[in-house]
Amino acid sequence: MNRFDYIRPTSAAEAIGAAAQPGSAYLAAGTNLLDLMKAGVGRPERVVDITRLPGLDRIDWLADGGARIGALVRNSDLAHDAGIQCRFPAVAEALLSGASPQLRNAATVGGNLLQRTRCAYFFDTASACNRRAPGSGCDALQGENRLHAILGWSEHCIATHPSDLCVPLVALDAVVELEGPGGPREIALEALHRLPGATPERETLLGPGELITAIRLPPEGADLASHARYLKVRERTSYAFAVVSAFAGLELDGPTIRKARLALGGVAARPWRAREAEAALEGAAASPATFARAAELALAEARPSGDNAFKIELARRVLARALRDALAGTPRRLAALPASPFAPPTGASHAA
Amino acid sequence: MSLSLSLNINGRPRAIDIDDPRITLLDLLRERLALTGAKKGCDRGQCGACTVLVDGRRINACLALAVSLDGAEVTTIEGLADGERLHPVQAAFIRHDGFQCGFCTPGQIMSAVGLLAEGHAGADPERIRELMSGNLCRCGAYRGITQAILDAHHALAGAAQEDAA
């Protein structure tokens, strides 16, 4: 790990002032940043510890029924919050399908949004990587790339964004609240992460020193609460990143879909909202044929970036199954293996 | 860069000066405070051998900067027993042979203590396995580990009932 100056501001203004200097990095739990620093991928000259900033570790319920989730709320606290489980259950399901309990106890919501890709070539400083070292090339293109992007990638970068949490959040129209040198502003989560294009090193819309202070979930997302699921296919059932994941949320009017929200994870450099597929579902009858058509539309632009054509068909199936699961209804209690297609019924598994 | 921090470690307040902000909680415990129970396995948050409780919650000590935890309460495997009397989770690991080589065991036990305090698994072995997935055991002692945690769950639930009575 490189040497750095450690700063622990007590106000957002102080933090932003320090972090606006080139070479600075914000530190919350550090579960991703320290990993990157140990690998030599992250080499900040100045680490700005935001864990003592006041008021960022709360979940506030807004008058309109929406939720404002402070950037420093820990993943496990968000996942086990009774209000979140009741109104935005897939947020809890996605969170609990990711990482390990130790990491969830530490990792924050803001850090989850800003976590870096787990592309092995990004992590390996001996490899060419345009995201880490602009202009150096992309060793993933000719390398081990079966888990890489199938949507929105470019010849410069085929990495994916690894977050589970972001998948339901982007479908639920989450808004990211920011504070920066120029004051506060807010942007849609859907716009936060950039697609790589020719500049994969520019990963988000954040400017120098800009700090995520909260994520806001609009109240409309709660209309889907009784039919909202997150489904995640992994190479092992626990403590693994998604090969492909999907969020599906439905609001039903008898047999007819009044509202649909869909997003995919593990397929692109951003959580991937499937708006055309949503539009095709709304007003249609909820049926396997409708779901299959929506899945086709969601992946219409997909193309393999390497040895990963299987992910396109897998994503269609995961999305269609997430829709079937959503139609069947949100379970009262999360399965023992959250978001897993292999989850056995609780208590019915083999004895210890 | 000299930094001062105060931590309560296993019930004992400690004032600690460190000369380098890069020191993780794990390195602080092992290299500066001679608390070598928490193990350095992967040092990247993947194996769980370094698991300790910080303010009552299990975390990976290898992925936390010590200086950032200024003021926290830390419990390591060394702080679990009451004198010669083992913590119920320690006793259950012995009873059920929840280890072979023992390297991952301090992390397994601290993780299990955290799991039981969180209270989301109940007596469901599938939930226990899922909520212990942050702790790897190279020897594959998972069967004994799961049994030990189930046993400790029942022991602690029984003790809580007795206390209530």
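A quick note: this is a predicted structure, and the numbers were derived from the prediction, not measured.

**Quick look at the overall build of chain A**
Then, number 1: Tallying secondary structure elements over chain A gives 13 helices and 12 strands in all.
Then, number 2: Computed over its C-alpha atoms, the radius of gyration of chain A comes to 20 Å, within 12% of the 20 Å expected for a compact globule of 352 residues.
Then, number 3: For chain A, the spread of C-alpha atoms along the three principal axes comes to 60 × 50 × 45 Å.
Then, number 4: Relative to its full complement of 352 residues, chain A shows a buried share of 53%.

**With respect to the sheet that holds strand 5 (residues 73–75) of chain B**
All names here are of chain B.
Then, number 1: Here five strands make up an open sheet; going across it, the order is 2-1-5-3-4 and the pairing mixed. The open sheet terminates on both sides in strands that have one partner only, identified here as strand 2 (12–18) and strand 4 (57–60). Going across the sheet, the axis of each strand differs from the next one's by a mean of 40°, ignoring polarity.
Then, number 2: Bridge count between strand 3 (residues 51–54) and strand 4: four bridges; the pairing is antiparallel. Along strand 4, the bridge assignment pairs Val-54 with Arg-57.
Then, number 3: Against the sheet, helix 3 (residues 105–118) contacts strand 3 and strand 4, and its axis sits at roughly 35° relative to strand 3.

**Concerning the interface of chain B and chain A**
Then, number 1: Listed per partner, the contact involves 32 residues of chain B and 29 residues of chain A.
Then, number 2: Elements supplying a minimum of two residues to the side of chain B that touches chain A: strand 4, helix 3, helix 4 (125–131) and helix 5 (142–164) of chain B.
Then, number 3: Considering every element that reaches the side of chain B that touches chain A, the biggest residue donor is helix 4 of chain B, with five residues.
Then, number 4: Across the side of chain B that touches chain A, the residue classes break down as 12 nonpolar, 10 polar and 10 charged.

**A closer look at the confidence of the model for chain A**
Low pLDDT marks regions whose predicted coordinates should not be analysed in detail.
Residues and elements named next belong to chain A.
Then, number 1: Here chain A averages 96 in pLDDT, and 97% of its residues register 70 or above.
Then, number 2: When mean pLDDT is taken per element in chain A, helix 9 (residues 166–171) scores highest with 99 and strand 1 (residues 5–7) scores lowest with 97.
Then, number 3: Across residues 346–352 the pLDDT falls below 50, and counting only partners more than four positions away or on other chains, this stretch makes 14 contacts in the model.

**Examining helix 2 (residues 88–95) of chain B**
Residues and elements named next belong to chain B.
Then, number 1: Among the residues of helix 2, those classed as buried are Pro-88, Val-89, Gln-90, Ala-92 and Phe-93.
Then, number 2: In this structure, the buried residues of helix 2 make contact with helix 3 and helix 5.
Then, number 3: Looking at the residues trailing helix 2, positive phi occurs at Asp-97, about 55°.

**Comments concerning the nonpolar core**
Then, number 1: Among the nonpolar cores identified, the biggest contains 163 residues, and Phe-247, Leu-262, Leu-264, Ala-294, Ala-298 and Leu-319 of chain A together with Ala-61 of chain B are the most heavily contacted of them.
Then, number 2: When residues of this core are assigned to their parent elements, the largest contribution, seven residues, is made by helix 13 (residues 310–328) of chain A.

**Things to note about the packing of helix 2 of chain B against helix 3 of chain B**
Residues and elements named next belong to chain B.
Then, number 1: Between helix 2 and helix 3, the shortest axis-to-axis distance is 9 Å and the interhelical angle comes to 125°. Between helix 2 and helix 3, the angle falls in the class oblique. Like other packed secondary-structure pairs, helix 2 and helix 3 cross with a definite hand, here right-handed. Contacts between helix 2 and helix 3 involve Val-89, Gln-90 and Phe-93 from the first element and Thr-105, Ile-109, Ala-112 and Val-113 from the second.

**Observations concerning the domain arrangement of chain B**
Residues and elements named next belong to chain B.
Then, number 1: If you check the domain split of chain B, you get domain 1 (3–79) and domain 2 (88–164).
Then, number 2: Of note, the centres of domain 1 and domain 2, computed from C-alpha atoms alone, are 22 Å apart.
Then, number 3: On the domain 2 side, the residues contacting the 14 residues of domain 1 number 13 residues.
Then, number 4: For the side of domain 1 that touches domain 2, the elements supplying multiple residues, two or more each, are strand 3 and strand 4.
Then, number 5: Of all the elements, strand 3 adds the most residues to the side of domain 1 that touches domain 2, at three residues.

**Re unusual backbone geometry**
Residue and element names in this part refer to chain B.
Then, number 1: Even without being glycine, Ala-34 reaches a positive phi, approximately 55°.
Then, number 2: In this fold, Ala-34 is placed in the loop between helix 1 (25–32) and strand 3.
Then, number 3: You can call Ala-34 exposed: it has 8 C-beta atoms within 10 Å.
Then, number 4: Although it is not a glycine, Asp-97 adopts a positive phi angle of roughly 55°.
Then, number 5: Within the secondary structure, Asp-97 is located in the loop between helix 2 and helix 3.

**Here's the deal with helix 1 of chain B**
Then, number 1: By the burial criterion, the buried members of helix 1 of chain B are Leu-25, Leu-26, Leu-28 and Leu-29 of chain B.
Then, number 2: Positioned one or two residues after helix 1 of chain B, Ala-34 of chain B has a phi angle of 55°, which is positive.

**With respect to the packing of helix 12 (residues 288–298) of chain A against helix 13 of chain A**
Residues and elements named next belong to chain A.
Then, number 1: At a minimum axis distance of 9 Å, the contact between helix 12 and helix 13 shows a crossing angle of 140°. Classified by the angle their axes make, helix 12 and helix 13 are oblique. Classified by chirality, the crossing of helix 13 by helix 12 is right-handed. Facing helix 12, whose interface residues are Phe-291, Ala-292, Ala-294, Ala-295, Glu-296 and Ala-298, helix 13 presents Arg-316, Leu-319, Ala-320, Leu-323 and Arg-324.
Then, number 2: Residue composition of the contact of helix 12 with helix 13, grouped by class: eight nonpolar, no polar and three charged.

**Some details on the confidence of the model for chain B**
Then, number 1: When pLDDT is averaged along chain B, the result is 96; 100% of the residues meet or exceed 70.
Then, number 2: Confidence, read as mean pLDDT per element, is least for helix 5 of chain B in chain B (92) and greatest for strand 3 of chain B (99).

**Examining the pairing of strand 1 (residues 3–9) of chain B**
Moving residue by residue along a regular strand, the side chains alternate between the two faces of the sheet.
Residue and element names in this part refer to chain B.
Then, number 1: Two strands pair when backbone bridges link them, and strand 1 and strand 2 are joined in this way by seven bridges, in the antiparallel orientation. Of the residues in strand 2, the one forming a bridge with Asn-8 is Pro-13.
Then, number 2: Where strand 1 hands over to strand 2, the hairpin turn is made up of two residues, of which Asn-10 adopts a positive phi near 50°.

**Describing the sheet that holds strand 11 (residues 256–265) of chain A**
Residues and elements named next belong to chain A.
Then, number 1: Ordered by their spatial adjacency, four strands build an open sheet running 9-10-11-12, and the pairing between neighbours is antiparallel. Two strands bound the open sheet, and with one partner strand each, they are strand 9 (228–233) and strand 12 (272–273).
Then, number 2: When strand 11 meets strand 12, the two strands line up antiparallel, connected through two bridges. By the bridge assignment, Leu-264 is partnered in strand 12 with Trp-272.
Then, number 3: Packed on one face of the sheet, helix 5 (residues 89–96) meets strand 9 and strand 10 (244–253) and runs near 20° to strand 9.
Then, number 4: The strands that helix 13 touches are strand 9, strand 10 and strand 11; relative to strand 10, the one it contacts most, it runs at about 35°.

Reading the values: the criteria
- Residues numbered from 1 in each chain as written.
- Chains lettered and ligands numbered in written order.
- Predicted model: local features only at pLDDT ≥ 70, side-chain atom pairs only at ≥ 80, totals over all residues.
- Helix = DSSP H or I, 4+ residues; strand = E, 2+ residues; numbered from the N terminus.
- Rg over C-alpha atoms; globule rule 2.2 N^0.38 Å.
- Buried ≥ 20, exposed ≤ 12 C-beta atoms within 10 Å, placed from the backbone.
- Pairing = 2+ DSSP bridges.
- Axes fitted to C-alpha atoms, helices over the stretch in contact; angles between N-to-C directions.
- Contact = placed C-beta atoms within 7 Å.
- Nonpolar A, V, L, I, M, F, W, Y, C, P; charged D, E, K, R; others polar.
- pLDDT = per-residue confidence, 0-100.
- Core = buried A, V, L, I, M, F, W, Y, C linked by C-beta atoms within 7 Å.
- Parallel < 35°, antiparallel > 145°, perpendicular 65-115°, else oblique.
- Left-handed = near helix turned anticlockwise from the far one by under 90°.
- Domains from an automatic or database assignment.

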